[in-house]
Amino acid sequence: MNEHGVRPASRPVLVRIPVEPVEAAIEADAFDAASRNRLAVRGPLFGVASRSEDDGDRWQVLVPITNSCPQQARDDLQSKLWFRAKDEAETEAERRALLGAVARLETGKPSEVHVRGTCYRVVRAEEYAGLDPDGGFELPRPTDPEPAAPDWTRTADTPGVDAGLVLDPDAPVTPLQAAEMLTMRSFAYQGSRYPGDVLRDSARAVDTHPDVLLLPAAFMVVERTGDERWGVGGGLHATPQDARRSLDISLTWLGPRQAGTIPLTAGTDVDARSVVAEGTHPALAELRVLAEAADRLRAGRVNEVEAGGTAYRIARSRRLLRWGPDGPESQRPSDVTMVEPMALHPRLDANGVVHNGEEGTRPEDTAT
């Protein structure tokens, strides 16, 4: 409801019929998934989107909507605005305006900040996933994006989640996307496992932000040992291959260091594969299991491997964002903040000079 007690009207959904073979295949994959999978809600994610005066109803994603805490999104925004003030501001007035927003983010928890006609808003999405009849997370679909040649290097430069994404509530969607959007309009948390304020905020959002936008699918590594439930083993990635590469790194490089089987002081080129090749390590058998699992992963577009009694799966994550008359939903009062705001960079003055050893933005360097 708005301040007058009137529920905002939902926007019409513009549907386009897929005519290209690739689009038709994607739609068929979506139909198959909808037919066999049930949905499980994982919880909220946060990012930052911006809109300038000439953008109309469209918002540009600035910080990917992948953070589990709204403060993490604010911290990312603080850094982006600080570096913009340092490296890109063309005038003192522009730098002061940017530093004014930085100052607010250093000490407070604003849902949005404004800089010279641009609004930067913390936005909230709901993450959910398809589950198969056995309770396993949905695998990547055959039509999900894959690189022509997989890059397995640890430093591979690939686009991140939501890179270049524009949120457009009037963009046409396919029939199955429209059906999912209309179905999820009424989604709200239910059940005794949620605190009362969370339930109230969720129900209120259905009224204040009655529309739904579907964000691009993302991909993650999930794992299960024995009869335990599947658990998430990392963050979100833009493609299944990016998630596979993160699993390969975890199995052969990061995991052995965390377990102490490879020292933290070992060279960056030392991993389970190189140790197995030498054949003299005290934990050779354990590392061989990991290296062999990683090799199976690299054999093709493999989405499931097992190593040492733990099953690993590349899973498909889905996200929706609620939309109201003023744009995308921001954080709710009941959303949990796990970290407090703080100054993340040295003081930058209005002339663009960095004062190392001094923390925080001073009032005299901000716009008045």
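The rules we used
- Residues numbered from 1 in each chain as written.
- Predicted model: local features only at pLDDT ≥ 70, side-chain atom pairs only at ≥ 80, totals over all residues.
- Heavy atoms only, no water.
- Axes fitted to C-alpha atoms, helices over the stretch in contact; angles between N-to-C directions.
- Helix = DSSP H or I, 4+ residues; strand = E, 2+ residues; numbered from the N terminus.
- Parallel < 35°, antiparallel > 145°, perpendicular 65-115°, else oblique.
- Left-handed = near helix turned anticlockwise from the far one by under 90°.
- Contact = heavy atoms within 4.5 Å.
- Nonpolar A, V, L, I, M, F, W, Y, C, P; charged D, E, K, R; others polar.
- Core = buried A, V, L, I, M, F, W, Y, C linked by side-chain atoms within 4.5 Å.
- Buried < 20%, exposed > 50% of the residue type's maximum accessible area, 1.4 Å probe, protein only.
- Phe/Tyr/Trp six-rings, centres within 6.5 Å; stacked < 30°, edge-to-face > 60°.
- Lys NZ or Arg CZ within 6 Å of the ring centre and 35° of its normal.
- Pairing = 2+ DSSP bridges.
- Salt bridge = Lys/Arg side-chain N within 4 Å of Asp/Glu carboxyl O.
- 1 Å grid on protein atoms, 1.4 Å probe; cavity = no way out; pocket = protein on both sides within 12 Å on 5 of 7 lines; lining within 4 Å.
- Points joined across faces, edges and corners; volume = space filled by probe spheres on them.

Engineer: In this structure, what is going on with the packing of helix 2 (residues 70-87) against helix 3 (residues 92-107)? I would like to understand it.
Structural biologist: When two helices pack together, you describe them by how their axes are tilted relative to each other and by the distance separating the axes. Where helix 2 meets helix 3, the closest approach of the two axes is 9 Å, and the angle between their N-to-C directions is 155 degrees. Relative to helix 3, the element helix 2 is oriented roughly antiparallel. Here the hand of the crossing between helix 2 and helix 3 comes out left-handed. In contact with Arg74, Leu77, Gln78, Leu81, Trp82, Arg84 and Ala85 of helix 2, helix 3 contributes Arg95, Leu98, Leu99, Ala101, Val102, Leu105 and Glu106. The residue makeup of the contact of helix 2 with helix 3, split by class, is nine nonpolar, one polar and four charged.

Engineer: Can you walk me through the nonpolar core in this structure?
Structural biologist: Judged by nonpolar contacts, the single largest core of 24 residues is most densely connected at Ile65, Phe137 and Leu167. Elements that contribute at least two residues to this core include exactly strand 1 (38-52), strand 2 (59-67), strand 4 (118-131), strand 6 (211-225) and strand 9 (310-324). Not counting chain neighbours up to four residues away, the residues in contact with leucine 167 comprise Ala49, Asp57, Arg58, Trp59, Val61, Leu213, Leu215, Leu321 and Trp323. Counting residues in hydrophobic clusters, the runner-up holds 21 residues, among them Leu247, Leu284, Val305 and Tyr312.

Engineer: Mind showing me how you'd approach the environment of alanine 205 here?
Structural biologist: Its location among the elements puts alanine 205 in helix 5 (residues 196-208). As a C-alpha pair, alanine 205 and glycine 324 span 119 residues in sequence and 8.9 Å in three-dimensional space. When residues no more than four places from it in sequence are discounted, the contact partners of alanine 205 are Pro210, Arg322, Glu329 and Arg332.

Engineer: Would you take a moment to explain the packing of aromatic side chains for this structure?
Structural biologist: Note on aromatic pairs: each is described by the distance of the centres and the angle between the planes. Summed over the entire model, instances satisfying the criterion amount to three aromatic pairs. Between the aromatic rings of tryptophan 82 and phenylalanine 83, the centroid separation amounts to 4.9 Å while the plane-to-plane angle is 85 degrees, which identifies the pairing as edge-to-face. Exposure remark for phenylalanine 83: the relative accessible area of 38% places this residue in the partly exposed category. Centroid distance tyrosine 189 to tyrosine 194: 4.5 Å. Interplanar angle 5 degrees. Geometry classified as stacked. For the pair tyrosine 189 and tyrosine 194, a shared accessibility class is recorded, and that class is buried. These aromatic residues form a ring-pair network of at least three members: Phe187, Tyr189 and Tyr194. Over the face of the ring belonging to tryptophan 253 we find arginine 257, whose NZ or CZ atom lies 4.0 Å from the ring centre.

Engineer: Is there a simple way to think about the side chain of glutamine 78 in this case?
Structural biologist: Mapped onto the elements of the fold, glutamine 78 is located in helix 2. Each residue touching glutamine 78, except ones within four places of it in the same chain, is listed here: Val102, Leu105, Glu106, Met342, Ala343, Leu344 and His345.

Engineer: Can you help me understand the pairing of strand 4 in this one?
Structural biologist: Walk down a regular strand and you will see the side chains alternate between the two sheet faces. In terms of burial, strand 4 is largely enclosed, as 14 of its 14 residues are buried. Covered by surrounding structure in strand 4 are Thr118, Tyr120, Val122, Arg124, Glu126, Tyr128 and Gly130 together with Cys119, Arg121, Val123, Ala125, Glu127, Ala129 and Leu131, the residues of both alternating faces. Of the strand pairs in this sheet, strand 1 and strand 4 are connected by 14 bridges, and their pairing is antiparallel. Each residue of the ladder has a partner; that of glycine 47, found in strand 4, is valine 123. Two strands pair when backbone bridges link them, and strand 3 (residues 112-115) and strand 4 are joined in this way by four bridges, in the antiparallel orientation.

Engineer: Help me understand the side chain of serine 334 in this model?
Structural biologist: Within the fold, serine 334 resides in the loop between strand 10 (327-328) and strand 11 (346-348). Among all residues touching serine 334, those that are not within four sequence positions of it are Asp197, Val198 and Asp201.

Engineer: Honestly, the pattern of salt bridges in this entry has me stumped. Any pointers?
Structural biologist: Pairing between side chains of opposite charge can happen when their charged atoms approach one another. One pass over the structure, following the stated rule, counts 31 salt bridges. Ionic pairing is found between arginine 121 and glutamate 112, a salt bridge with its closest N-O pair at 2.9 Å. The partly exposed category is assigned to glutamate 112, whose relative accessible area is 26%. In this structure, the salt-bridge partner of aspartate 242 is arginine 245, at a minimum N-O distance of 3.4 Å. Here the residue aspartate 242 and the residue arginine 245 both occupy positions in helix 6 (residues 240-259), the gap between them amounting to three residues, near one helical turn. Each member of the pair, aspartate 242 as well as arginine 245, carries the same accessibility label: buried. One connected set of salt bridges, linked through shared partners, spans Arg347, Glu358, Arg362, Glu364 and Asp365.

Engineer: Mind showing me how you'd approach the layout of surface pockets here?
Structural biologist: By volume, the largest pocket is sized at about 1,300 Å³. Contributing to the lining of the largest pocket are 48 residues, with Thr174, Gln177, Glu180, Leu214 and Leu215 lying nearest its centre. Elements supplying a minimum of two residues to the lining of the largest pocket: helix 1 (21-36), strand 5 (166-167), helix 4 (175-184), strand 6 and strand 9. Here the lining of the largest pocket is composed, by residue class, of 29 nonpolar, five polar and 14 charged. In this structure, the second largest pocket spans a volume of roughly 320 Å³. As for the second largest pocket, its lining consists of 18 residues, and the residues nearest its centre are Gly43, Pro44, Tyr189, Val198 and Asp335. For the lining of the second largest pocket, the residue count by class is 10 nonpolar, three polar and five charged.

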